[in-house]
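Analysis of the macromolecular model
Spelled out from the first residue to the last, the chains are:
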Amino acid sequence: MTWAGFVWRNLWRRPARTALTAAGVAIGVGLIVALLSIAAGVRNTASDLIHIGRADFGVFQAGASDLTRSLLPESLGDRIAGIDGVDEVAGIFLRVTEVEGRDAKLVFGYDPDEFPARRLVIVAGRRPRGEEALLGDTGARTLGLQPGETVKVEGRRFRVAGLYHSGNRFVDTGVVLPLTTVQAMAERPGDVTTFGVTVTLGRRPADIAKLVENDIPGAVAVTEPGAVVKVDTSSRLIIDAGWIFSVMALIVGGIGVLNTMAMSVFERIQEIGIMRAVGWRKRRIALLILSEATGIGLIALALGLSLGYLAAELFTSQGSITTLAEPDFTAGVFAWGLAFALGVALIGALYPAWRAVSLRPIEALRRE
């Protein structure tokens, strides 16, 4: 019998106990995978939204529930423009709404004279005149619309003047309307969601962002995706809660593995004694116990990755964190899941392994 086969046979002597222990660890793995994939998705979303129009950084309302719910007075644009090192400022209104009967579509309110609108590359049709719409090329394919047709936004019909490409995945799936039109839809005349800011050549965006924050209390200048939690309070709450639950799962999972392996050692004292008597060394006994715990960890990993994937997809699809976040299952996310599963298994196996190697062969053989 191979080593792996021997370990597998030992694990399934008590199938219910092994399965329950693996399920407990799998919950922790699932939490880690869901948490980190959502966090990665939030960073990706932030990276796109803070650089709309190829801006160097975005200015948002501090403490907004998410990036699209930020509200700032449009008049702040003049103050930001007056800060040393600022080149251009553009007020932008981000609205998540219904487009062509489809929920959670992005509509962008741009001033046609400001840089986000000027930098759109028109790939079909022309630039809009008055209350006309532009469609991102990706969004146009999804909606099946072409220039000259109309697009329905919140029950209103707008003529599609042209199609554009910006290089920003969110903008290219959305609809661009005049800023005043989107403000009227949201019933927030004079407000914007964010300001896109470009800095003068040779200046560092992070330095200018600090000047903006110092000059405008209550506003947050976001230059890097990792700083989005300063704005997106729902994301911060979910991530913080996720880490707390993950630590709890680590503790519970470790105790579960400890209990399972300790019971396994207790039930096999005579067997361990025979192994020692026929020449098994202490390190080989310890390796057997650790291998069995690792087997539990690998079972938990397979189950936990599936649970984490389903949980993250369900969580974001229901809009619990933000309508824009899409979980990103990177190699790093799965590596953390693997580390959690094996870490819990090995930590839980340390005491049972020590207990097994501490048994004296004669005493072990005398046990009933």
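Residues numbered from 1 in each chain as written. Predicted model: local features only at pLDDT ≥ 70, side-chain atom pairs only at ≥ 80, totals over all residues. Heavy atoms only, no water.

1. Considerations on the overall build of the protein
- Each helix and strand counted, the protein has 12 helices and 12 strands in total.
- Every one of the 368 residues in the protein was classed for burial, and the buried ones make up 48%.
- When the accessible area of the protein is evaluated, it comes to approximately 17,400 Å², of which 58% is carbon and sulfur surface. (Helix = DSSP H or I, 4+ residues; strand = E, 2+ residues; numbered from the N terminus. Buried < 20%, exposed > 50% of the residue type's maximum accessible area, 1.4 Å probe, protein only. Areas by Shrake-Rupley, 256 points an atom, 1.4 Å probe, with all protein chains shown as cover.)

2. As for helix α7 (residues 205–215)
- Residues of α7 that are buried include every one of I208, A209 and V212, and no others. With its buried residues spanning 105° around the axis, α7 presents them on a single face. Of the residues in α7, the exposed ones pointing more than 90 degrees away from the buried face are K210 and N214.
- Its buried side turned inward, α7 meets β1 (57–61), α3 (76–81), β3 (86–99), β11 (194–199) and β12 (219–222). (Arc of directions from axis to C-beta. Contact = heavy atoms within 4.5 Å.)

3. Examining the environment of V357
- Within the secondary structure layout, V357 lies in helix α11 (residues 331–358).
- Classification of V357 as buried rests on a relative accessible area of 17%.
- Through-space distance from the C-alpha of V357 to that of I285 is 6.4 Å; in sequence the pair is 72 residues apart.
- Ignoring sequence-local partners within four residues, the contact set of V357 consists of R276, K282, I285 and A286.

4. Things to note about the pattern of salt bridges
- All chains considered together, the criterion is met by 10 salt bridges.
- Close ionic contact of R79 with D215 constitutes a salt bridge, the shortest N to O distance being 3.5 Å. One end of the pair, R79, is in helix α3; the other, D215, is in helix α7, with 136 residues separating them in the sequence.
- Here R79 falls in the partly exposed class, since its relative accessible area comes to 39%.
- One salt bridge in this structure joins R188 and D191, with 2.9 Å as the shortest N-O distance.
- A relative accessible area of 13% places D191 in the buried class.
- Taken together, the shared-partner salt bridges in this structure form one network comprising R126, E132 and R159. (Salt bridge = Lys/Arg side-chain N within 4 Å of Asp/Glu carboxyl O.)

5. Things to note about the pairing of β11
- Summarising burial for β11: 6 of the 6 residues are buried, a large majority.
- Residues T194, G196 and T198 of β11 are buried on one face, and the alternating residues F195, V197 and V199, pointing to the opposite face, are buried as well.
- In terms of strand pairing, β3 meets β11 through 6 bridges, oriented antiparallel. Paired with A90 across the strands is G196, a residue of β11. (Pairing = 2+ DSSP bridges.)

6. Side note on the nonpolar core
- The biggest cluster of nonpolar side chains holds 41 residues, and the ones touching the most others in it are V29 and I285.
- Elements that contribute at least two residues to this core include exactly α1 (3–11), α2 (15–49), α8 (233–267), α9 (269–277), α10 (282–317) and α11.
- Residues within four places of I285 in sequence aside, it is in contact with I272, M275, R276, W280, A356 and V357.
- In this structure, L177, V199, I208 and V212 belong to the second largest nonpolar core, which totals 37 residues. (Core = buried A, V, L, I, M, F, W, Y, C linked by side-chain atoms within 4.5 Å.)

7. Describing a nonpolar patch on the surface
- Together, I27, L31, I244, F245, M248, L303 and L307 give the surface a local cluster of nonpolar side chains, amounting to about 640 Å² of exposed area.
- Where the nonpolar patch is concerned, the elements lending two or more residues are α2, α8 and α10.
- Tallying contributions element by element places α8 first for the nonpolar patch, with 3 residues.
- Mapped onto the elements of the fold, M248 is located in helix α8. (Patch = residues over 30% accessible without salt bridge, like charges linked within 9 Å, V, L, I, M, F, W, Y side chains within 5 Å.)

8. Let's talk about α11
- Taking 1.5 Å as the rise per residue, α11 with 28 residues should run 40 Å; its terminal C-alpha atoms sit 40 Å apart, in good agreement.
- Maximal helix bending in α11 amounts to about 40°, located at L350; proline P352 follows within four positions.
- Within the span of α11, buried status applies to V333, G337, F340, A341, V344, A345, G348, A349, P352, A353, A356 and V357. (Expected span 1.5 Å × (residues − 1). Bend = angle between axes of the 7 residues up to and from the residue.)

9. Structural notes on the packing of aromatic side chains
- Evaluated as defined, the whole model comprises 6 aromatic pairs.
- Between W3 and W280, the ring centres sit 6.1 Å apart and the planes meet at 20°, which makes this aromatic pair stacked. Here W3 is found in helix α1, whereas its partner W280 is found in the loop between α9 and α10, with 277 residues between them in sequence.
- Taken together, a centroid distance of 6.3 Å and an interplanar angle of 25° make the contact between F329 and F334 stacked.
- The ring centre of W280 lies 4.2 Å from the NZ or CZ of R284, which sits over that ring. (Phe/Tyr/Trp six-rings, centres within 6.5 Å; stacked < 30°, edge-to-face > 60°. Lys NZ or Arg CZ within 6 Å of the ring centre and 35° of its normal.)

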